[in-house]
Amino acid sequence: MLDDAAALRQVDRADMLGVLGGLPAQVREATANGQRLRPRVRGPFRGILFTAMGGSAMGADMAALRLGQAGDVPCAVVRGYDPPAWAGRGTLVVAVSYSGNTEETLACAQAAQRRGAQVLAITSGGELASWTEQHGGDVVRVPAGLQPRAGLGHLTFATLGALETMGLAQLGKEPEAVAAHLERLRAQLEPKGPEAANPAKQLARAMHGRIPFVYGAGALEVAARRFATQLNENPKVLCHWGPVPEAHHNELSAWFADPTLREATLPVVMQGEPPGTPVGARERASMALLQEAGARPWLLEAKGDTALARVFHAIYVGDYASVYLACLLGRDPTPVEAIQKLKQRMAEFRKG
Ligand code: F6R
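Keep in mind that what you see is a predicted model, and the values were worked out from it rather than measured.

A.B. asks: Would you mind going over the layout of surface pockets with me for this structure?
C.D. replies: In this approach, a probe sized like a water molecule rolls over the atoms, and the result shows the empty space that is left. The volume enclosed by the largest pocket comes to roughly 710 Å³. Along the wall of the largest pocket there are 29 residues; nearest its centre are Met-53, Gly-54, Thr-102, Ile-339 and Lys-343. Contributions of two or more residues to the lining of the largest pocket are made by helix H4 (54-70), strand E3 (91-97), helix H5 (103-114), helix H10 (220-233) and helix H15 (337-351). When its residues are assigned to classes, the lining of the largest pocket shows 10 nonpolar, 12 polar and seven charged. Lining the second largest pocket, in full, are His-181, Arg-184, Leu-185, Gln-188, Pro-199, Trp-298, Leu-299, Leu-300, Glu-301, Lys-303, His-313 and Val-317. Where the lining of the second largest pocket is concerned, the elements lending two or more residues are helix H8 (174-189), strand E9 (298-301) and helix H14 (307-329). Of the residues in the lining of the second largest pocket, the class split is six nonpolar, three polar and three charged.

A.B. asks: What is the right way to read H5 from this model?
C.D. replies: Each turn of an α-helix holds 3.6 residues, which means side chains three or four residues apart point in the same direction. An ideal rise of 1.5 Å per residue puts 16 Å on 12 residues; H5 measures up with 16 Å between its terminal C-alpha atoms. What H5 keeps buried is the set Glu-104, Thr-105, Leu-106, Cys-108, Ala-109, Gln-110, Ala-111 and Ala-112. Positive backbone phi, at 110 degrees, marks Gly-116, one or two positions downstream of H5.

Criteria and thresholds
Each chain has its residues counted from 1, following the order in which its sequence is written. Only residues with pLDDT of 70 or above have their local features reported here, since the model is predicted, and side-chain atom pairs are shown and tallied only from 80 upward, although totals for entire chains, interfaces and linings are computed over all residues. The basis for the side-chain values is all heavy atoms of the structure; hydrogens and waters are excluded. Of the grid points, spaced at 1 Å and generated over the protein atoms alone, those admitting a 1.4 Å probe that cannot get out make up cavities, while open sets with protein on both sides within 12 Å along at least five of seven lines make up pockets; any residue with an atom within 4 Å of a point is treated as lining. Grid points are joined across faces, edges and corners, and a volume is the space filled by probe spheres set on the points. Runs of E in the DSSP output that reach at least two residues are strands. Runs of H or I that reach at least four are helices, and both are numbered from the N terminus. Any residue that is not Ala, Val, Leu, Ile, Met, Phe, Trp, Tyr, Cys, Pro, Asp, Glu, Lys or Arg is counted as polar, Gly included; the first ten are nonpolar and the last four charged. Expected span, for any helix, means 1.5 Å times one less than how many residues it has. The cut-offs for exposure are 20% and 50% of the maximum accessible area for each residue type, with area from a 1.4 Å probe on protein chains only; residues under the lower value are buried, those over the upper are exposed, and the others partly exposed.

What is shown is where atoms sit, not what they do.
Shown next, in the form of structure tokens:
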């Protein structure tokens, strides 16, 4: 089925596979979009607080990861209503919400702004765009019409491009390098890449009927989380993700003790660092110990010249695999009716 383009199209009715193919173009377009900002907000900033939920929060995580590796200003990502106590005067709040209508993101940005923080919004519009403009902040608009999770390239690189205009990031040629890397990878992963040579189709096949347990160490922690959330929203399956090294200190015990796990689950170990490094050693230890425990872990190799490229590599394999799994399960990957329903029901629950 996975090599039958017509069969894939029949399930993937809103063409999530086509949208995935556009990720390298998103990276290029979004960087230029962010870099066009002429900022109104004024530093110096002592801290950057990203506020975002769900698919948009993955864009925030990616931007925070890049800043954490080569930026001078400390940053944190909040998924929820409340900014930390330190967020106020001297803080730049980067509110990332594809729709611009996510209540937690808005509430967090508004609370920090009341305490004196300045706001940069990355959004396709909604209340976030109008509120930020009214309150003297900056808005970078990303193109509308996608599922938020499918706009990861836009959200990540519009954010980074805008932060560069504020002197908070230096991107150099990295966005172009990431885009070119993803373009080369796409040739293997896209629907016309046959299953026999397509790691995403093979991974989807291996996950079919099992609960994936995804492990990412160091920077790849972000990719592990993204993979799990894409599995939740595209094929609508449960998935567990574990950050390494933390998972080595607790859940590893369960793999050794519980033989029923081996049939019901598929451990997926992401690997992106060379063996002589602490993180590289952790990645190899995960594979070796899971094998010793009797599981059959799947190795997802993340290649690329920089951490950002490697994380995007793992994300691209995971994104495609999640959509192929949706096709195997006969579930249209694009709609997320349960999330829409939740957002509507919240209005009732708020009334108490
Ligand atoms: C839908 C998706 C969701 C949303 C989340 C927040 O594709 O990925 O996780 O991202 O409900 O909404 P936004 O991104 O509009 O702030």
